[in-house]
Amino acid sequence: MKTFLTIVLSAFFTVTWAQSNSAIIDTEQMQQAIARGAIIWDVRGEKSYLEGHLPGAINVGEIGSVLRDPNKEDYIATEQIQKIFNAAGLDVNQEIVVYGARGNPYAYFGLYTINYFGGKKAQIYHGGVDAWRQAGLPIQKERQSLPPVSVALVTQPQLVVNNEEMFKLAQSKSVQIIDARTPDEFTGKDVRAIRGGHIPNAINIPFEENWQDPATAIKLGKKQVGDNSGMALKNQVDLKKLYANLDPDKETVVYCQSGVRASETAVILKTLGFKKVKVYESSWLGWGNNLKAPVADETFLNVGALNAKMGAMQNRINQLEEALKNKSN
């Protein structure tokens, strides 16, 4: 029998959910989600998860490796994903909050995955484990588990664009196309498929521009900053300015290399009121490798030069290993 306090708390959290039913939540809302029993999904690798995670969070391994084909970077078979989710107790019909490291697009890919397979109540904690730690909140290191479930995953193809659909949309002036990759990828300097360049008429807005400091990842690599605080989201006003030249009522397709970075931008656009946002599922891997697809700023991958660089790198590794071996002897 429910106590009066239980009823009051249940009503409070239900109201809180209704009032804050936005895809992206903050630390306080994350605490509320945990308190009302939401499923918390940590999409990082197992090692990072066991080094410290949010209370009650479950983990099935690094999402990019576990749920995608290593070559095409498309989803593995739905039946396999269903088996993984059910074994982990990851019921897409329940309230789920996804997180990773602060600003990591794979967390957004996790959110988009839940939605793609039929979830209706998924949210993302953009600040992730980093914001949680900075707030001085408790961290767990023990693996957490939920009872297995038996839920059939139903794909929602209306959320994505396939290769054939993208080919038609690219010829239409009624759709806005956002390329969420780096400027070098967009202009063909950084080639990550058979060809480099971009889809004609696409607008380049790198997903990092959604952050307070888009250069944070570079600065971390150069040790110019001590943490990833700059990966926090811009405020709503600045985000609206970032996408001010786009029409929120127009159909919008976002792509990147494989759909991961595009997921972050797509979710943010929806929070800004864009009504018809889709992710190009195969993204540049699907477009750049299709020689029939038109490409702006087209460049080609020089396989010979790439093999030469890899060979030189392997020789250097061999030399270093031999030097270490001689030193130890």
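One can find the structure itself at the top, above this paragraph.
Not measured: the values here are computed from a predicted model. In this convention, every chain numbers its residues from 1, walking through the sequence in written order. Where local features are concerned, this predicted model is filtered to residues with pLDDT of at least 70; where side-chain atom pairs are given and counted, the filter is 80 or more; whole-chain, interface and lining totals use all residues. Excluding hydrogens and water, the side-chain values take into account all heavy atoms of the structure.

Caption draft 1: Examining helix α6 (residues 105–116) more closely. Only DSSP runs of H or I reaching four residues or more are called helices, and only runs of E reaching two or more are called strands; each is numbered from the N terminus. Under the convention used throughout, the expected extent of a helix is 1.5 Å for every residue step, that is, one less than its residue count. For α6, which comprises 12 residues, the first-to-last C-alpha distance of 16 Å matches the rise-based estimate of 16 Å (1.5 Å per residue) to within 8%. Most of α6 sits out of view: 10 of its 12 residues are buried. With a 1.4 Å probe rolled over the protein chains alone, any residue whose accessible area is under 20% of its type maximum counts as buried; one over 50% counts as exposed, and the rest are partly exposed. All of the buried residues in α6 are Pro 105, Ala 107, Tyr 108, Phe 109, Gly 110, Leu 111, Tyr 112, Thr 113, Ile 114 and Tyr 116. Two or three places before Tyr 106, at the opening of α6, Asn 104 has a side-chain oxygen 2.8 Å from that residue's backbone nitrogen. At the C-terminal side of α6, Gly 118 shows a positive phi close to 105°. We define a polar contact as two N or O atoms separated by no more than 3.5 Å, with the added condition that, inside protein, one atom must be a possible hydrogen donor and the other a possible acceptor, whereas residues neighbouring each other in sequence contribute only through side-chain atom pairs.

Caption draft 2: Region of the structure containing the packing of aromatic side chains. Here is the rule: rings of Phe, Tyr and Trp (six-membered ring for Trp) pair when centre to centre is within 6.5 Å. Planes less than 30 degrees apart are stacked, more than 60 are edge-to-face, and the remainder are tilted. Under the definition given, this model contains 11 aromatic pairs. Between the aromatic rings of Trp 41 and Phe 85, the centroid separation amounts to 5.6 Å while the plane-to-plane angle is 80°, which identifies the pairing as edge-to-face. Of this pair, Trp 41 sits in strand β2 (residues 39–42) while Phe 85 sits in helix α5 (residues 78–88), placing them 44 residues apart in sequence. Residue classification places Trp 41 among the buried positions, given a relative accessible area of 0%. Here Phe 207 and Trp 211 contribute two aromatic rings whose centre-to-centre distance is 5.3 Å and whose plane-to-plane angle is 85°, an arrangement assigned as edge-to-face. For Phe 207, a relative accessible area of 5% puts it in the buried group. On the accessibility criterion, Trp 211 (3% relative accessible area) is buried.

Caption draft 3: Main features of the side chain of Asp 179. The residue Asp 179 is located in strand β6 (residues 175–179) in this model. Using a relative accessible area of 0% as the deciding quantity, one classes Asp 179 as buried. In what follows, residue pairs with any heavy atoms lying within 4.5 Å of each other are defined as contacts. Residues in contact with Asp 179, not counting those within four places in the same chain, are Phe 186, His 198, Ala 202, Ile 203, Asn 204, Ile 205, Pro 206 and Tyr 255.

Caption draft 4: Broad picture of the pairing of β2. Neither face of β2 is exposed, since Ile 39 and Trp 41 on one face and Ile 40 and Asp 42 on the opposite face are all buried. At least two DSSP bridges between two strands are required for those strands to pair. Sheet topology places β2 next to strand β3 (residues 96–99); 4 bridges connect them, and they run parallel. Within β3, the position partnered with Ile 39 by the bridge is Ile 96.

Caption draft 5: Representation of the sheet that holds β3 in the model. Taken together, 4 strands build an open sheet; the order of strands is β1-β4-β3-β2 and the sheet is parallel. Looking at which strands have only one partner, the edges of the open sheet turn out to be β1 (24–25) and β2. For β3 and strand β4 (residues 122–125), the ladder comprises 3 bridges, and the chain directions are parallel. Residue Ile 96 lies in a different strand from β4, and its bridge partner there is Ala 122.

Caption draft 6: Here's a closer look at the pattern of salt bridges. Salt-bridge detection follows one rule: a side-chain nitrogen of Lys or Arg within 4 Å of a carboxyl oxygen of Asp or Glu. Inspection of every chain in the model, using the stated rule, returns 14 salt bridges. Note that Glu 298 and Arg 195 form a salt bridge whose closest N and O atoms lie 2.8 Å from each other. Of this pair, Glu 298 sits in strand β11 (residues 296–300) while Arg 195 sits in strand β7 (residues 195–198), and the two are 103 residues apart along the sequence. Using a relative accessible area of 40% as the deciding quantity, one classes Glu 298 as partly exposed. Here Lys 275 ties to Asp 249 by a salt bridge, and the two come within 2.7 Å at their closest N and O atoms. Of the two residues, Lys 275 is situated in the loop between α12 (260–271) and β10 (277–280) and Asp 249 in the loop between α11 (236–242) and β9 (251–255); the sequence distance between them amounts to 26 residues. Classification of Asp 249 by relative accessible area gives partly exposed; the value is 45%. Here the salt bridges share partners, and the residues they tie into one network are Glu 185, Asp 190, Arg 192 and Arg 261.

Caption draft 7: The arrangement of the sheet that holds strand β8 (residues 203–204) in detail. A sheet is described by the order of its strands in space; here 5 strands give the open sequence β5-β10-β9-β6-β8, paired in parallel fashion. Both edges of this open sheet fall to β5 (160–161) and β8, since each of them pairs with a single strand only. Both β6 and β9 contribute to a ladder of 5 bridges, which runs parallel. Note on β9: the bridge partner recorded for Val 175 is Glu 251.

Caption draft 8: Representation of the nonpolar core within the structure. In this structure, Trp 41, Ile 81, Phe 85, Leu 90, Ile 114, Tyr 243 and Val 254 are the most contacted members of the largest nonpolar core, which totals 53 residues. When contributions to this core are tallied by element, the ones reaching two or more residues are β2, α5, β3, α6, β4, α12 and β10. Counting residues per element, this core draws most heavily on α6, at 7 residues. Among residues more than four places away in sequence, those in contact with Tyr 243 are Ile 178, Ile 205, Asn 210, Thr 265, Leu 269, Leu 272 and Phe 274. For the purposes of this section, nonpolar cores are sets of buried Ala, Val, Leu, Ile, Met, Phe, Trp, Tyr and Cys residues that join through side-chain atoms within 4.5 Å.

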